[in-house]
Amino acid sequence: MEIKTEEQELVCAVCGEKSSQTVVVEYEPDRSVPDLDMRPGEPHRSYIKYWVSKCPHCGYCNASIEIPALFTKEYLQSANYNQYGDSLAGRFMKMSLVCEKNKVYEEALKACLYAAWTFDDVGNDEKARECRRAAVRIFDSHRALFSEKPDYVLVAADIMRRSGNYERVISDYKGRFFHSGLMTAIAAFEAELAEKGDSDCHRADEAPGVTVK
Ligand SMILES: [Zn+2]
(Lines give C-alpha, C1' and ligand atoms only; values in the text may rest on other atoms or scores of the structure.)
Protein backbone atom coordinates (compact mmCIF):
# COMPACT_ATOMS: atom_id res chain seq x y z
CA MET A 1 0.00 0.00 0.00
CA GLU A 2 1.70 3.20 -1.15
CA ILE A 3 -1.38 5.34 -1.01
CA LYS A 4 -4.70 5.34 0.84
CA THR A 5 -7.75 7.25 -0.33
CA GLU A 6 -11.18 7.74 1.13
CA GLU A 7 -14.44 9.39 0.12
CA GLN A 8 -15.18 12.58 2.03
CA GLU A 9 -18.04 15.06 1.94
CA LEU A 10 -16.44 18.42 1.20
CA VAL A 11 -17.90 21.89 0.94
CA CYS A 12 -16.89 23.81 -2.18
CA ALA A 13 -15.12 27.08 -1.32
CA VAL A 14 -16.62 28.79 -4.36
CA CYS A 15 -20.32 27.76 -4.42
CA GLY A 16 -20.81 26.38 -0.91
CA GLU A 17 -22.36 23.08 -2.10
CA LYS A 18 -21.37 19.71 -0.68
CA SER A 19 -20.06 16.82 -2.75
CA SER A 20 -18.31 13.51 -2.24
CA GLN A 21 -14.61 13.72 -3.14
CA THR A 22 -11.80 11.16 -3.23
CA VAL A 23 -9.13 12.40 -0.85
CA VAL A 24 -5.62 11.00 -0.35
CA VAL A 25 -5.33 10.43 3.39
CA GLU A 26 -2.01 8.60 3.54
CA TYR A 27 0.92 8.03 1.20
CA GLU A 28 4.41 6.68 1.40
CA PRO A 29 7.25 9.08 0.61
CA ASP A 30 8.43 9.14 -3.00
CA ARG A 31 11.78 7.35 -3.33
CA SER A 32 11.92 7.18 -7.11
CA VAL A 33 14.38 8.98 -9.37
CA PRO A 34 12.38 11.80 -10.98
CA ASP A 35 12.32 12.89 -14.60
CA LEU A 36 14.12 16.16 -15.33
CA ASP A 37 10.84 18.01 -14.87
CA MET A 38 10.44 16.42 -11.42
CA ARG A 39 7.75 13.98 -12.50
CA PRO A 40 8.01 11.14 -9.96
CA GLY A 41 8.60 7.55 -11.02
CA GLU A 42 6.24 4.75 -10.08
CA PRO A 43 4.26 4.17 -7.97
CA HIS A 44 3.54 7.87 -7.40
CA ARG A 45 3.56 8.55 -11.12
CA SER A 46 0.23 6.76 -11.45
CA TYR A 47 -1.53 8.77 -8.76
CA ILE A 48 -1.77 11.93 -10.84
CA LYS A 49 -5.55 11.58 -11.05
CA TYR A 50 -5.78 12.38 -7.35
CA TRP A 51 -4.00 15.72 -7.78
CA VAL A 52 -7.07 17.61 -8.96
CA SER A 53 -10.65 17.68 -7.65
CA LYS A 54 -13.73 19.11 -9.28
CA CYS A 55 -16.92 20.45 -7.73
CA PRO A 56 -19.82 18.85 -9.63
CA HIS A 57 -22.04 21.87 -8.87
CA CYS A 58 -20.00 24.85 -10.10
CA GLY A 59 -17.07 23.23 -11.93
CA TYR A 60 -14.37 24.55 -9.58
CA CYS A 61 -11.15 22.59 -10.19
CA ASN A 62 -8.27 22.73 -7.74
CA ALA A 63 -6.04 20.47 -5.64
CA SER A 64 -8.99 20.52 -3.20
CA ILE A 65 -12.35 22.20 -3.66
CA GLU A 66 -11.95 23.51 -0.10
CA ILE A 67 -9.19 25.91 -1.16
CA PRO A 68 -10.59 29.46 -0.89
CA ALA A 69 -10.83 31.42 -4.13
CA LEU A 70 -10.27 35.09 -4.94
CA PHE A 71 -13.06 35.04 -7.55
CA THR A 72 -16.80 34.34 -7.66
CA LYS A 73 -18.54 31.36 -9.27
CA GLU A 74 -19.43 33.52 -12.31
CA TYR A 75 -15.81 33.18 -13.45
CA LEU A 76 -16.32 29.40 -13.68
CA GLN A 77 -19.02 29.99 -16.31
CA SER A 78 -16.76 32.15 -18.50
CA ALA A 79 -15.68 31.06 -21.96
CA ASN A 80 -12.06 31.40 -20.89
CA TYR A 81 -12.52 28.83 -18.12
CA ASN A 82 -14.63 26.50 -20.22
CA GLN A 83 -12.28 26.39 -23.21
CA TYR A 84 -10.93 23.24 -21.56
CA GLY A 85 -13.09 20.12 -21.37
CA ASP A 86 -13.64 17.72 -18.54
CA SER A 87 -10.76 15.32 -19.24
CA LEU A 88 -8.05 14.98 -16.61
CA ALA A 89 -5.83 17.33 -18.65
CA GLY A 90 -8.74 19.78 -19.01
CA ARG A 91 -9.21 19.80 -15.26
CA PHE A 92 -5.53 20.54 -14.71
CA MET A 93 -5.70 23.43 -17.21
CA LYS A 94 -8.74 24.78 -15.33
CA MET A 95 -6.81 24.37 -12.08
CA SER A 96 -4.00 26.39 -13.66
CA LEU A 97 -6.43 29.22 -14.49
CA VAL A 98 -7.86 29.32 -10.96
CA CYS A 99 -4.37 29.25 -9.44
CA GLU A 100 -3.47 32.26 -11.58
CA LYS A 101 -6.65 34.00 -10.36
CA ASN A 102 -5.63 33.06 -6.82
CA LYS A 103 -2.14 34.50 -7.50
CA VAL A 104 -0.36 31.23 -6.68
CA TYR A 105 1.73 31.18 -9.83
CA GLU A 106 3.95 28.22 -8.87
CA GLU A 107 0.85 26.05 -8.61
CA ALA A 108 -0.50 27.51 -11.86
CA LEU A 109 2.71 26.54 -13.67
CA LYS A 110 2.73 23.04 -12.18
CA ALA A 111 -0.91 22.44 -13.14
CA CYS A 112 -0.01 23.09 -16.83
CA LEU A 113 2.86 20.65 -16.45
CA TYR A 114 0.55 17.98 -14.96
CA ALA A 115 -1.79 18.48 -17.93
CA ALA A 116 1.21 17.93 -20.23
CA TRP A 117 2.06 14.68 -18.40
CA THR A 118 -1.42 13.29 -18.96
CA PHE A 119 -1.00 13.99 -22.68
CA ASP A 120 2.50 12.42 -22.62
CA ASP A 121 0.94 9.24 -21.23
CA VAL A 122 -1.43 8.88 -24.19
CA GLY A 123 1.19 9.94 -26.75
CA ASN A 124 -0.52 13.23 -27.70
CA ASP A 125 2.67 15.24 -28.31
CA GLU A 126 0.92 18.21 -29.88
CA LYS A 127 -1.37 18.80 -26.89
CA ALA A 128 1.47 18.13 -24.45
CA ARG A 129 3.53 20.86 -26.18
CA GLU A 130 0.59 23.27 -25.94
CA CYS A 131 0.35 22.73 -22.18
CA ARG A 132 4.11 23.19 -21.80
CA ARG A 133 3.96 26.45 -23.77
CA ALA A 134 1.19 27.60 -21.40
CA ALA A 135 3.52 26.79 -18.47
CA VAL A 136 6.31 28.86 -20.06
CA ARG A 137 3.89 31.79 -20.53
CA ILE A 138 3.21 31.72 -16.76
CA PHE A 139 6.95 31.54 -16.07
CA ASP A 140 7.59 34.51 -18.36
CA SER A 141 4.71 36.57 -16.96
CA HIS A 142 6.14 36.39 -13.44
CA ARG A 143 9.87 36.58 -14.06
CA ALA A 144 10.66 38.40 -10.82
CA LEU A 145 8.94 35.75 -8.71
CA PHE A 146 10.41 32.74 -10.52
CA SER A 147 13.92 34.17 -10.83
CA GLU A 148 14.22 33.72 -7.06
CA LYS A 149 13.23 30.06 -7.28
CA PRO A 150 16.11 28.15 -8.89
CA ASP A 151 14.19 24.87 -8.92
CA TYR A 152 11.52 26.46 -11.12
CA VAL A 153 14.16 28.11 -13.32
CA LEU A 154 15.63 24.65 -13.90
CA VAL A 155 12.29 22.94 -14.49
CA ALA A 156 11.50 25.70 -17.01
CA ALA A 157 14.54 24.57 -19.05
CA ASP A 158 13.03 21.11 -19.35
CA ILE A 159 9.58 22.48 -20.18
CA MET A 160 11.09 24.66 -22.95
CA ARG A 161 13.13 21.77 -24.36
CA ARG A 162 10.22 19.33 -24.32
CA SER A 163 8.10 21.87 -26.17
CA GLY A 164 10.82 22.15 -28.84
CA ASN A 165 12.21 25.58 -27.94
CA TYR A 166 15.85 24.46 -28.18
CA GLU A 167 17.26 27.88 -29.02
CA ARG A 168 16.03 29.38 -25.81
CA VAL A 169 17.37 26.49 -23.70
CA ILE A 170 20.80 26.92 -25.29
CA SER A 171 20.83 30.71 -24.93
CA ASP A 172 19.45 30.77 -21.37
CA TYR A 173 21.07 27.68 -19.84
CA LYS A 174 24.33 26.81 -21.60
CA GLY A 175 27.19 27.61 -19.23
CA ARG A 176 24.80 28.89 -16.58
CA PHE A 177 25.81 28.48 -12.97
CA PHE A 178 23.50 27.70 -10.08
CA HIS A 179 24.40 27.72 -6.41
CA SER A 180 24.17 23.95 -6.37
CA GLY A 181 26.57 21.84 -8.40
CA LEU A 182 23.80 19.35 -9.07
CA MET A 183 21.62 22.05 -10.62
CA THR A 184 24.50 23.40 -12.70
CA ALA A 185 25.10 19.87 -14.04
CA ILE A 186 21.42 19.46 -14.92
CA ALA A 187 21.33 22.86 -16.68
CA ALA A 188 24.36 21.81 -18.75
CA PHE A 189 22.64 18.51 -19.59
CA GLU A 190 19.49 20.35 -20.71
CA ALA A 191 21.59 22.58 -23.01
CA GLU A 192 23.39 19.51 -24.40
CA LEU A 193 20.08 17.75 -25.14
CA ALA A 194 18.73 20.93 -26.75
CA GLU A 195 21.81 21.11 -29.01
CA LYS A 196 20.99 17.59 -30.19
CA GLY A 197 17.37 18.57 -30.84
CA ASP A 198 16.22 16.02 -28.25
CA SER A 199 12.71 16.71 -26.90
CA ASP A 200 12.31 13.32 -25.20
CA CYS A 201 11.76 12.63 -21.53
CA HIS A 202 14.98 12.05 -19.56
CA ARG A 203 15.63 11.27 -15.94
CA ALA A 204 17.68 13.40 -13.59
CA ASP A 205 20.29 10.64 -13.06
CA GLU A 206 21.12 10.58 -16.79
CA ALA A 207 22.92 13.92 -16.46
CA PRO A 208 26.71 13.44 -16.38
CA GLY A 209 28.01 13.67 -12.83
CA VAL A 210 24.56 13.47 -11.27
CA THR A 211 23.70 10.74 -8.81
CA VAL A 212 20.21 10.84 -7.41
CA LYS A 213 19.72 8.85 -4.22
ZN1 LIG B 1 -18.68 24.48 -6.29
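Here the structure is a predicted model, which means the values were calculated and not measured. (Residues numbered from 1 in each chain as written. Predicted model: local features only at pLDDT ≥ 70, side-chain atom pairs only at ≥ 80, totals over all residues.)

A. The arrangement of the pairing of strand S1 (residues 3–11) in detail. Here S1 lies mainly on the outside; zero of its nine residues are buried. Here S1 runs beside strand S2 (residues 18–27); their pairing, made up of nine bridges, is antiparallel. Bridge pairing links Glu 7 to Thr 22 in S2. The antiparallel hairpin formed by S1 and S2 contains six residues in its connecting segment, where Gly 16 sits at a positive phi of about 80°. (Buried ≥ 20, exposed ≤ 12 C-beta atoms within 10 Å, placed from the backbone. Helix = DSSP H or I, 4+ residues; strand = E, 2+ residues; numbered from the N terminus. Pairing = 2+ DSSP bridges.)

B. Spotlight on the environment of Ile 65. Secondary-structure assignment places Ile 65 in the loop between strand S4 (61–62) and helix H1 (79–82). Assessed through the 25 C-beta atoms surrounding it within 10 Å, Ile 65 is described here as buried. Residues Ile 65 and Cys 15, spaced 50 residues apart in sequence, show a C-alpha to C-alpha distance of 9.7 Å. Discounting chain neighbours no more than four positions away, the residues touching Ile 65 are Leu 10, Cys 12, Ala 13, Gln 21, Ser 53, Cys 55 and Tyr 60. (Contact = placed C-beta atoms within 7 Å.)

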